[in-house]
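Structural description and commentary
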Amino acid sequence: MSFQGKERQGGVKQISSHSNPIIKEIKGLVTQRKHRRDSGLFVAEGLKLASDAMDAGWGVRYLALGPEARENQVALEIAAKVKARGALILEVTTAVLANITRRDNPQMVVGVYEQNVLPLSAVDPATAKTWICLDRVRDPGNLGTIIRTGDAVGASGVILIGDTTDPFAVEAVRATMGSLFHMPLVRCREDEFIDWRQKWPGPVVGTHLRGTMDYREPSYDEPVLLVMGNEQSGLSDNLADTCNTLVKIPQEGQADSLNLAVATAIMLFEVRREQLQLAK
Ligand code: SAM
């Protein structure tokens, strides 16, 4: 079966060559941060992510369908929506999908989407619950997991402070499991954040191994800024100084700290538990 979208926009192209320029362009988006930055595009694999992207209204440029997807009703329905938005449908071989994604068993669908990052001015404290603020997060798996956890707990979004890993790297996108398309992302410099945070009307809580307060003690009345430190060096001194409170998750045993994504998850569920309690 071939893709049979009825819409006028977009188009359908069959590709089996690895050296096709569109395939090379998509592969460049998987492998090179510079290519993602220059084009403002990124790659997300799988049917669920394609469905999430369409539901959340993200811009789409290409949707590559392997042979299996061209026999799958759900995939064909998503492809029809993608085509209606003016994107190009690529009917490709499994070998081409494996080549793009550098996987032996690629997903049946691979999409190319437009990046969406907001400025700090887009954050509205009046409607905010909790914004997760990440100081120079380095690991794409941690970032993706935090975006997914933030989505699960109903957080308002993620603020990336300073020089961070790319949220649109394929490893980060994979780890979000589709939550990337539902969680607003903001990017800013450290000095911009510190300046902007002066007008924040709610608690600004940092997590720190030298924190003196147990993380279950503060009042997390909405809207909260939860500030998490870098994997290697923790929270910068400037960011630690700008927080109202520095809290610590008590540990036993010999581990000197928790993994960043794990610590963020513990914090987020505690903040939400407390917010729901306060709302009663
Ligand atoms: N060597 C780093 C340090 O000295 O802070 C360890 C950083 S830790 C891997 C990454 C981040 O996770 C920390 O900056 C903090 O935000 C959070 N974190 C990890 N364990 C924590 C704990 N027990 N209490 C509070 N925050 C913690």
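Counting restarts for each chain, with residues numbered from 1 along the sequence as it is written. Two thresholds apply to this predicted model, a pLDDT of at least 70 for residue-level local features and 80 or more for giving and counting side-chain atom pairs, whereas whole-chain, interface and lining totals are computed over all residues. Side-chain measures were taken over the full set of non-hydrogen atoms in the model, leaving aside hydrogen atoms and water.

**Brief notes about the sheet that holds strand 7 (residues 157-161)**
Put simply, the test is: Being paired, for any two strands, means DSSP has found at least two bridges between them. Segments assigned H or I by DSSP are reported as helices when at least four residues long, segments assigned E as strands when at least two residues long, and all are numbered from the N terminus. The contact criterion used throughout is that any non-hydrogen atoms of two residues lie within 4.5 Å. Convention adopted: a line fitted to C-alpha atoms gives each axis, helices being fitted over their contacting stretch, and angles between N-to-C directions are expressed from 0 to 180 degrees.
What the seven strands build is an open sheet, ordered 8-7-6-11-9-12-10; its pairing is parallel. The sheet is open, and its two borders are formed by strand 8 (185-188) and strand 10 (213-214), each paired with just one other strand. Pairing of strand 6 (residues 130-135) with strand 7, which is carried by five bridges, proceeds in the parallel orientation. The residue of strand 7 that forms the bridge with D135 is I161. Against the sheet, helix 10 (residues 260-279) makes contact with strand 6, strand 9 (204-207), strand 11 (224-228) and strand 12 (245-248), and its axis sits at roughly 160° relative to strand 11, the strand it touches most.

**A word on empty space enclosed by the protein**
Just so we agree on the cut-off: The rule is simple: put a 1 Å grid over the protein atoms alone, call a set of points where a 1.4 Å probe fits but cannot get out a cavity, call an open set with protein on both sides within 12 Å along at least five of seven lines a pocket, and count a residue as lining if it has an atom within 4 Å of a point. Grid points are joined across faces, edges and corners, and a volume is the space filled by probe spheres set on the points. Gly counts as polar in this scheme, as do all residues outside two lists: the nonpolar Ala, Val, Leu, Ile, Met, Phe, Trp, Tyr, Cys and Pro, and the charged Asp, Glu, Lys and Arg.
One pass over the full model with this rule turns up one cavity of 30 Å³ or more. When its volume is computed, the largest cavity comes out at roughly 40 Å³. Ranked by the residues each element gives to the lining of the largest cavity, the list is headed by helix 10, at three residues. Split by residue class, the lining of the largest cavity holds three nonpolar, three polar and two charged.

**Here we look at the packing of aromatic side chains**
What describes a pair of aromatic rings is the distance from one ring centre to the other and the angle between the planes of the rings. As a reminder, the rule being used: Here a Phe, Tyr or Trp ring, Trp counted by its six-membered ring, pairs with any other such ring whose centre lies within 6.5 Å, and the pair is stacked when the planes are under 30 degrees apart, edge-to-face when over 60, and tilted otherwise. Buried means the residue's accessible area, taken with a 1.4 Å probe over protein chains only, is under 20% of the maximum for its type, while exposed means over 50%, and partly exposed covers the values in between.
A complete count under the given rule lists eight aromatic pairs for this structure. Each ring, one from F42 and one from Y113, has its centre 5.8 Å from the other, and the planes form 45°; the classification is tilted. Here Y113 lies in strand 5 (residues 109-114) and F42 lies in strand 2 (residues 41-45), a separation of 71 residues in the sequence. Exposure class is identical for F42 and Y113. Each is buried. A ring pair is formed by W58 and F181, whose centres lie 5.0 Å apart and whose planes are at 90°; its orientation type is edge-to-face. Taken as a pair, W58 in the loop between helix 3 (47-55) and strand 3 (60-65) and F181 in the loop between helix 7 (170-176) and strand 8 lie far apart in primary sequence, 123 residues in all. No difference in accessibility class separates W58 from F181, as the two residues are buried.

**Some thoughts on the packing of helix 6 (residues 140-153) against helix 10**
Selection rule: Working definition: roughly parallel below 35 degrees, roughly antiparallel above 145 degrees, roughly perpendicular at 65 to 115 degrees, and oblique for all remaining angles. Each helix crossing is assigned a hand: it is left-handed if the near helix lies turned anticlockwise from the far helix by less than a right angle, otherwise right-handed if that turn is clockwise.
Contact geometry of helix 6 with helix 10 gives a least axis separation of 9 Å together with a crossing angle of 15°. As judged from the angle between their axes, helix 6 and helix 10 are roughly parallel. The handedness of the crossing between helix 6 and helix 10 comes out as right-handed. Between helix 6 and helix 10, the contacting residues are N142, T145, I146, T149, G150 and V153 on the first element and L260, A261, T264, A265, L268, F269 and R272 on the second. In terms of residue class, the contact of helix 6 with helix 10 is made up of seven nonpolar, five polar and one charged.

**Observations regarding the nonpolar core**
Note the cut-off: Definition used in this section: a nonpolar core is a set of buried Ala, Val, Leu, Ile, Met, Phe, Trp, Tyr and Cys residues joined via side-chain atoms within 4.5 Å. Domain boundaries shown here were taken from an automatic or database domain assignment.
Core analysis: the biggest nonpolar cluster contains 51 residues, and F42, L63, V109, Y113 and L134 have the highest contact counts within it. Sort the elements by how many residues they give to this core and helix 10 lands first, with six residues. Lining this core are residues from two domains, each supplying at least three of them: domain 1 (6-114) and domain 2 (120-279). By size, the runner-up hydrophobic cluster in this structure holds 20 residues, among which are A128, I161, W196 and L239.

**Re the domain arrangement of the protein chain**
What counts is decided by this rule: The term buried area refers to how much accessible surface (probe radius 1.4 Å) is lost by two components on association, counted for both of them together. The salt bridge criterion pairs a side-chain nitrogen of Lys or Arg with a carboxyl oxygen of Asp or Glu, the two atoms within 4 Å.
One can read the domain layout of the protein chain as domain 1 (6-114) and domain 2 (120-279). In this assembly, 17 residues from domain 1 lie in contact with 14 residues from domain 2. When the buried surface of domain 1 facing domain 2 is broken down by residue, R33, F42 and W58 rank first, second and third, together holding 33% of it. Inspection of the region where domain 1 meets domain 2 yields two salt bridges.

**A word on the site of the ligand**
The following threshold applies: It suffices for a single heavy atom of a residue to lie within 4 Å of a molecule or strand for the residue to be listed as near it. N or O atoms within 3.5 Å of each other form a polar contact, as long as, within protein, one can give a hydrogen and the other can take it, and as long as residues adjacent in sequence are counted only when both atoms are side-chain atoms. The rule for placing a molecule in a cavity or pocket is simple: more than half of its atoms must lie within 2 Å of the grid points.
Around the ligand there are 18 residues in total, and T207, G229, I249, Q251 and L258 lie nearest to it. Backbone polar atom of G229 to an oxygen atom of the ligand: 2.9 Å apart, as the coordinates give it. Contact between the ligand and Q232: a nitrogen atom at 3.0 Å from a main-chain N or O atom of the residue. Judged by the fraction of its atoms near the pocket grid, the ligand is located in the largest pocket. Among the secondary structure elements, those contributing two or more residues to the shell around the ligand are strand 12 and helix 10. Broken down by class, the residue content of the shell around the ligand amounts to eight nonpolar, eight polar and two charged.

**Focus: the pairing of strand 8**
Here is the rule: Handedness of a crossover: with both strands directed away from the viewer, a clockwise path from the first strand across the helix to the second marks it as right-handed.
Looking at chain direction, strand 7 and strand 8 are connected through four bridges and run parallel. Bridging across to strand 8, I161 finds its partner in C188. The parallel pair strand 7 and strand 8 is bridged by helix 7, and the resulting crossover is right-handed.

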